[in-house]
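Summary of the model geometry
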Amino acid sequence: QSQPAVVPFADGWALEFERSAHTLLNLQQGHGDCLRVTGPLSLAVVALLDAPPTTKVSLISKWHLRAGGRSYELGITPSSQVYFTISASGSWPERARELMSTRALKTGVAYQITAVYEPGRRMALYINGFPSGQQLLGVPESIFDSPTPVYLGNRLGGEGTSGLDGRIARASFYKSALGAE
């Protein structure tokens, strides 16, 4: 495992991840456990794919592939669609929901991706500020408070197979359900 490199990106800096180098950034639980969220949540990130994913690739992950290890995850599928997953039980698929974007991403293009969760009401995805998927039925009532740390660019236990080939900038976490961003 290695830390991502800090590289120039657009009008600032980004973290560069490389799947073959098992690159990831462990944010733990955040300062004062601020990333341990059970209620409303919005995740926002600017992401650029250097290569199409061959497996599901995590951008922001508090998701360990074991019982009691799953909370939330935002990532990209092999078809280059964005996914946003919430688990209320810590397991999959019991009391969990996954939302897929209606739009696929292209390599070499930077995208502002926002995922929004309103407990029991709504999950939504926005790409560059435009709606790209919404779930109103079966939305979990809460997020499971797993002990899993939050990772950027990968998920716990997936370091060798599911890492990102690309860049992440301006990763933001909000304990509220944002509107179109």
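For the structure given in this document, a descriptive report is provided here. Worth saying up front: this structure is predicted, and the values here are computed from it rather than measured.

Attention shifts here to the overall build of the protein chain. Per the secondary structure count, the protein chain includes 0 helices and 13 strands. The order of helices and strands in the protein chain, counted from the N terminus, is β-β-β-β-β-β-β-β-β-β-β-β-β. For a compact globule of 181 residues, the expected C-alpha radius of gyration is about 16 Å, and the protein chain comes in at 15 Å, within 12% of that figure. With the principal axes as the frame, the protein chain shows a C-alpha extent of 40 × 30 × 30 Å. Buried positions account for 51% of the 181 residues belonging to the protein chain. For the protein chain, long-range pairs separated by at least 24 residues make up 61% of all intrachain contacts whose partners lie at least 6 apart in sequence. Per element, the accessible surface of the protein chain, about 7800 Å² overall, is 53% carbon and sulfur.

Throughout the structure, instances matching the rule amount to 1 aromatic pair. Between the aromatic rings of Trp63 and Trp92, the centroid separation amounts to 6.1 Å while the plane-to-plane angle is 65°, which identifies the pairing as edge-to-face. Note that Trp63 is positioned in strand E5 (residues 57–63) and Trp92 in the loop between strand E7 (81–87) and strand E8 (96–104), a separation of 29 residues in sequence. On the accessibility criterion, Trp63 (5% relative accessible area) is buried. Take Trp92: its relative accessible area is 38%, and that puts it in the partly exposed class. Note that Lys56 overlies the ring of Tyr83, its terminal NZ or CZ placed 4.5 Å from the centroid.

Once that is clear, we can look at the side chain of Ser146. Of note, Ser146 is situated in the loop between strand E11 (130–135) and strand E12 (151–152). Residue classification places Ser146 among the buried positions, given a relative accessible area of 0%. Apart from the residues lying within four places of it in its own chain, the contact partners of Ser146 are Gln29, Arg36, Lys62, Gly68, Gly69, Arg70 and Ser71.

What follows is about the environment of Arg97. Residue placement: Arg97 occurs in strand E8. Take Arg97: its relative accessible area is 27%, and that puts it in the partly exposed class. Considering only alpha carbons, one finds Arg97 and Thr85, 12 residues apart in sequence, at a separation of 5.7 Å. Not counting the four nearest positions on each side in its chain, Arg97 is found in contact with Phe84, Thr85, Ile86, Trp92, Met123, Gln135, Leu137, Gly138 and Pro140. Polar side-chain contacts of Arg97 include one of 3.3 Å to the backbone oxygen of Gly138.

Note on soluble globular proteins: their nonpolar side chains tend to be buried together. Within the largest apolar cluster, 34 residues are counted, with the highest numbers of intra-cluster contacts made by Leu59, Tyr72, Leu74, Phe84 and Ile113. Residue contributions to this core peak at 5 residues, all from strand E4 (residues 41–49). Beyond its immediate chain neighbours, meaning those up to four positions away, Leu59 contacts Val45, Ala47, Leu74, Gly75, Ile76, Ile113, Tyr151, Leu152, Gly153, Leu164 and Ile168. Ala14, Val46, Leu48 and Ala169 belong to the second largest nonpolar core, which has 6 residues in total.

With the exception of glycine, most residues fall at negative phi, and the peptide bonds are largely trans. Here the amide bond leading from Trp92 into Pro93 is cis, since omega sits at 0°, within 30 degrees of zero. Inspection of the secondary structure assignment puts Pro93 in the loop between E7 and E8. Its identity is not glycine, yet Ala10 carries a phi of approximately 50°, on the positive side. As for its placement among the helices and strands, Ala10 is situated in the loop between strand E1 (5–9) and strand E2 (12–17). Given a relative accessible area of 76%, Ala10 falls into the exposed group. Not every positive phi belongs to a glycine, and Asn128 is a case in point at roughly 55°. Its place among the elements puts Asn128 in the loop between strand E10 (122–127) and E11. Asn128 sits in the partly exposed class, given a relative accessible area of 35%.

What counts, and at which threshold
- Residues numbered from 1 in each chain as written.
- Predicted model: local features only at pLDDT ≥ 70, side-chain atom pairs only at ≥ 80, totals over all residues.
- Heavy atoms only, no water.
- Helix = DSSP H or I, 4+ residues; strand = E, 2+ residues; numbered from the N terminus.
- Rg over C-alpha atoms; globule rule 2.2 N^0.38 Å.
- Buried < 20%, exposed > 50% of the residue type's maximum accessible area, 1.4 Å probe, protein only.
- Contact = heavy atoms within 4.5 Å.
- Areas by Shrake-Rupley, 256 points an atom, 1.4 Å probe, with all protein chains shown as cover.
- Phe/Tyr/Trp six-rings, centres within 6.5 Å; stacked < 30°, edge-to-face > 60°.
- Lys NZ or Arg CZ within 6 Å of the ring centre and 35° of its normal.
- Polar contact = N/O pair within 3.5 Å; in protein donor to acceptor, adjacent residues only side chain to side chain.
- Core = buried A, V, L, I, M, F, W, Y, C linked by side-chain atoms within 4.5 Å.

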